[in-house]
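Listed below are the residues making up each chain.
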Amino acid sequence: MPLVIAIDGPAASGKGTLAKRLADHYGLPHLDTGLLYRAVALALLDAGLSLDDREAAARAAEALDPEKLDDPRLRERAMGEAASRVSAVPEVRAGLLLWQRRFAADPQGAVLDGRDIGTVVCPEAEVKLFITASSEERARRRHRELAGRGETASFAAILADIEARDARDAGRAAAPLRMAGDAVRLDTTELDADAAFDEARGIVERTR
Ligand code: C5P
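Residues numbered from 1 in each chain as written. Predicted model: local features only at pLDDT ≥ 70, side-chain atom pairs only at ≥ 80, totals over all residues. Heavy atoms only, no water.

- With an unreviewed UniProt entry as reference, the protein is termed Cytidylate kinase, source organism Methylobacterium phyllostachyos.
- Reading the Sequence similarities (unreviewed entry) entry of the UniProt record for the protein gives the comment "Belongs to the cytidylate kinase family. Type 1 subfamily." (UniProt positions renumbered as here; feature names shortened; annotations may be inferred.)

See the structure below:
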């Protein structure tokens, strides 16, 4: 059976880095599903439309070209916030679901990371990880990452961003962020990227 690894968790928990490393290690294609929601938000902003225009958001999700997720603006801090707003629209989620499922059905297997991979997109995934870290540690990581890219923002502003995003992602009605019943929780607060990878690989080996 192809190995599908579903990775969920809140913003800046380290799930993206971990997903990439697991994908490299097992030779699997990787999809960062947050980029899809960011791309929907960017399409609205580029067209001069409001992020609260639900119909336009649904159309943007429908029209999205998932092969074009390399715009560097997708990774900006403001786009995470914008993505979190459009991702609460059920039609946006429905528009992106099929494509994510097709990606996961690759005969080789796949690694997907996001908020609802283990619960909605790939409920049958062989391995499910739920990655967490304290909000302060996540804010420290995001602060470092943004500084590395020359984006300046205060630690306090980033922490507030992260806490607002957690509340919105966990509190929405459509596919809220929650751990799947059969997922394994991995808290990376005290772990660096190498240690988190070792732990995650151990979980994969024990589960499959
Ligand atoms: O992971 P990332 O920070 O790029 O995600 C941006 C936003 O997209 C999240 O805050 C969340 O609201 C939304 N998202 C989602 N479901 C996913 C991935 C991301 O709702 N599977």
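There's plenty left to go through after this.
### Regarding the nonpolar core
Taken as a class, soluble globular proteins show a tendency for nonpolar side chains to be buried jointly.
For step 1, the next point in the chain: Among the nonpolar cores identified, the biggest contains 34 residues, and Val 40, Leu 44, Val 86, Val 92, Leu 96, Leu 112 and Cys 122 are the most heavily contacted of them.
For step 2, the next point in the chain: Going through the elements one at a time, strand 1 (3–8), helix 2 (34–46), helix 3 (54–63), helix 4 (77–86), helix 5 (90–104), strand 3 (109–114) and helix 6 (117–121) are the ones with two or more residues in this core.
For step 3, the next point in the chain: The element that contributes the greatest number of residues to this core is helix 2, accounting for 8 residues.
For step 4, the next point in the chain: Residues contacting Val 86, with those up to four places away along its chain left out, are Tyr 37, Val 40, Ala 41, Leu 44, Leu 51, Ala 57 and Val 92.
For step 5, the next point in the chain: Within the second largest apolar cluster, 19 residues are counted, among which are Leu 3, Leu 22, Ala 23 and Leu 28. (Core = buried A, V, L, I, M, F, W, Y, C linked by side-chain atoms within 4.5 Å. Buried < 20%, exposed > 50% of the residue type's maximum accessible area, 1.4 Å probe, protein only. Helix = DSSP H or I, 4+ residues; strand = E, 2+ residues; numbered from the N terminus. Contact = heavy atoms within 4.5 Å.)

### So, the site of the ligand
For step 1, the next point in the chain: Close contacts around the ligand come from 15 residues, with Arg 38, Arg 93, Arg 165, Asp 169 and Arg 172 the closest.
For step 2, the next point in the chain: Against a free-state accessible area of 460 Å², the protein chains account for coverage of 97% of the ligand.
For step 3, the next point in the chain: Contributing elements (two or more residues each) for the shell around the ligand: helix 2, helix 4 and helix 8 (155–171).
For step 4, the next point in the chain: If one sorts the elements of the shell around the ligand by residue count, helix 2 sits on top with 3 residues. (Near = heavy atom within 4 Å. Areas by Shrake-Rupley, 256 points an atom, 1.4 Å probe, with all protein chains shown as cover.)

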